[in-house]
Amino acid sequence: MALTPDDVVTKQFQHVRFKEGFDPEEVDDFLDEIVVEWRKTIAENEELKAKLAAYESGEASAPSSAPAPAAEASAPAPAAEASGDGTAPAATSAGIIELAQRLHDEHVSEGIAQRDKLVAEAQATASRIIAEAEANQREQKERLEKERQLLEGRISELRQFERDYRAQLRSYIEGQLRDLDSSGTNSGSAPVSAVGL
């Protein structure tokens, strides 16, 4: 796989469940790919430098009918000499690893920021739902309290009505009994034959 700098920048790692960060194996595999591709690039670069140096030193003035293997045989020697110190590949590898670590840290910080944002939104939603539920509970309680007071007032009114009605009924019945008694005593003194005449 030909690896480009854009591949490094746009690489997306899978999030790991139950812990923060990315899958370490996936990150290590990607870094291994980067190192392999980078080493190939360094080797090609050194080979091209060697060919250019050979060309500039006058070997390019040799007849073009020279066999290709001879030209290729002269190229690896300077490449080996140029890469003999080993500092350039190590520095480049360190730079790639540093870049990968920076990208990893950025992805982790973005993940943490996203997590914090989601947690904050969830907490805000939970607080809003609780506040709405408490307000609804207060409204229901107040409404039920008003209904209870109205019903208690109505019960008191009905009890008072019952007492008044019983008192009026008693006084009416007692009045009727008195009238009956008084009319009975009056009619008892009159002769029976006179009744109805």
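**A few points about the pattern of salt bridges**
Oppositely charged side chains are able to pair whenever their charged atoms sit close together.
And then number 1: According to the stated counting rule, one finds 11 salt bridges in the structure shown.
And then number 2: In this structure, the salt-bridge partner of Arg-102 is Glu-106, at a minimum N-O distance of 3.9 Å. On the criterion of helical spacing, the pair formed by Arg-102 and Glu-106 is a turn pair, its members being 4 residues apart in helix α5 (residues 87-189).
And then number 3: For Arg-102, a relative accessible area of 45% gives the class partly exposed.
And then number 4: Within this structure, Glu-145, Arg-148 and Glu-152 form a network of salt bridges that share partners.

**Observations concerning the environment of His-107**
And then number 1: The residue His-107 is located in helix α5 in this model.
And then number 2: Exposure remark for His-107: the relative accessible area of 16% places this residue in the buried category.
And then number 3: Considered as a pair, His-107 and Gln-12 are 95 residues apart in the sequence and their alpha carbons are 8.8 Å apart.
And then number 4: Sequence-distant contacts of His-107, that is, excluding residues within four places in its chain, are made with Lys-11, Gln-12 and Phe-22.

**Details of the nonpolar core**
And then number 1: If you look at the biggest cluster of nonpolar residues, it comprises 11 residues: Leu-3, Val-8, Phe-13, Phe-22, Val-27, Phe-30, Leu-31, Ile-34, Ile-96, Ala-100 and Leu-103.
And then number 2: Broken down by secondary-structure element, the contributors of at least two residues to this core are α2 (24-56) and α5.

**Considering a negative patch on the surface**
And then number 1: On the surface, a cluster of negative charge is made up of Glu-25, Asp-28, Asp-29, Asp-32 and Glu-33.
And then number 2: Since its relative accessible area comes to 47%, Asp-29 is described here as partly exposed.

**What about the environment of Ser-109?**
And then number 1: For Ser-109, the location among the structural elements is in helix α5.
And then number 2: A polar contact is formed between the side chain of Ser-109 and the backbone oxygen of Glu-106, at a distance of 2.8 Å.

**Quick word on α2**
And then number 1: The terminal C-alpha atoms of α2 lie 47 Å apart, and with 33 residues this matches the ideal 48 Å at 1.5 Å per residue to within 8%.
And then number 2: What α2 keeps buried is the set Val-27, Phe-30, Leu-31, Ile-34, Val-35, Glu-37, Ile-42, Glu-46, Ala-50 and Ala-54.
And then number 3: Taken from the residues just after α2, Gly-58 is the one with a positive phi, measuring 120°.

**Re the packing of aromatic side chains**
And then number 1: Tallied over the entire structure, the rule returns 1 aromatic pair.
And then number 2: Both rings, one in Phe-161 and one in Tyr-165, keep their centres 6.1 Å apart while their planes meet at 20°; by these two values the pair is stacked. Separated by 4 residues within a single helix, Phe-161 and Tyr-165 lie in helix α5, roughly one turn from each other.
And then number 3: Phe-161 gets classed as exposed once you look at its relative accessible area, which sits at 54%.
And then number 4: Among the residues examined, Tyr-165 registers a relative accessible area of 47% and is labelled partly exposed.

Parameters and conventions
- Residues numbered from 1 in each chain as written.
- Predicted model: local features only at pLDDT ≥ 70, side-chain atom pairs only at ≥ 80, totals over all residues.
- Heavy atoms only, no water.
- Salt bridge = Lys/Arg side-chain N within 4 Å of Asp/Glu carboxyl O.
- Helix = DSSP H or I, 4+ residues; strand = E, 2+ residues; numbered from the N terminus.
- Buried < 20%, exposed > 50% of the residue type's maximum accessible area, 1.4 Å probe, protein only.
- Contact = heavy atoms within 4.5 Å.
- Core = buried A, V, L, I, M, F, W, Y, C linked by side-chain atoms within 4.5 Å.
- Patch = residues over 30% accessible without salt bridge, like charges linked within 9 Å, V, L, I, M, F, W, Y side chains within 5 Å.
- Areas by Shrake-Rupley, 256 points an atom, 1.4 Å probe, with all protein chains shown as cover.
- Lys, Arg positive; Asp, Glu negative; His and termini not counted.
- Charge placed at Lys NZ, Arg CZ, Asp CG, Glu CD.
- Polar contact = N/O pair within 3.5 Å; in protein donor to acceptor, adjacent residues only side chain to side chain.
- Expected span 1.5 Å × (residues − 1).
- Phe/Tyr/Trp six-rings, centres within 6.5 Å; stacked < 30°, edge-to-face > 60°.

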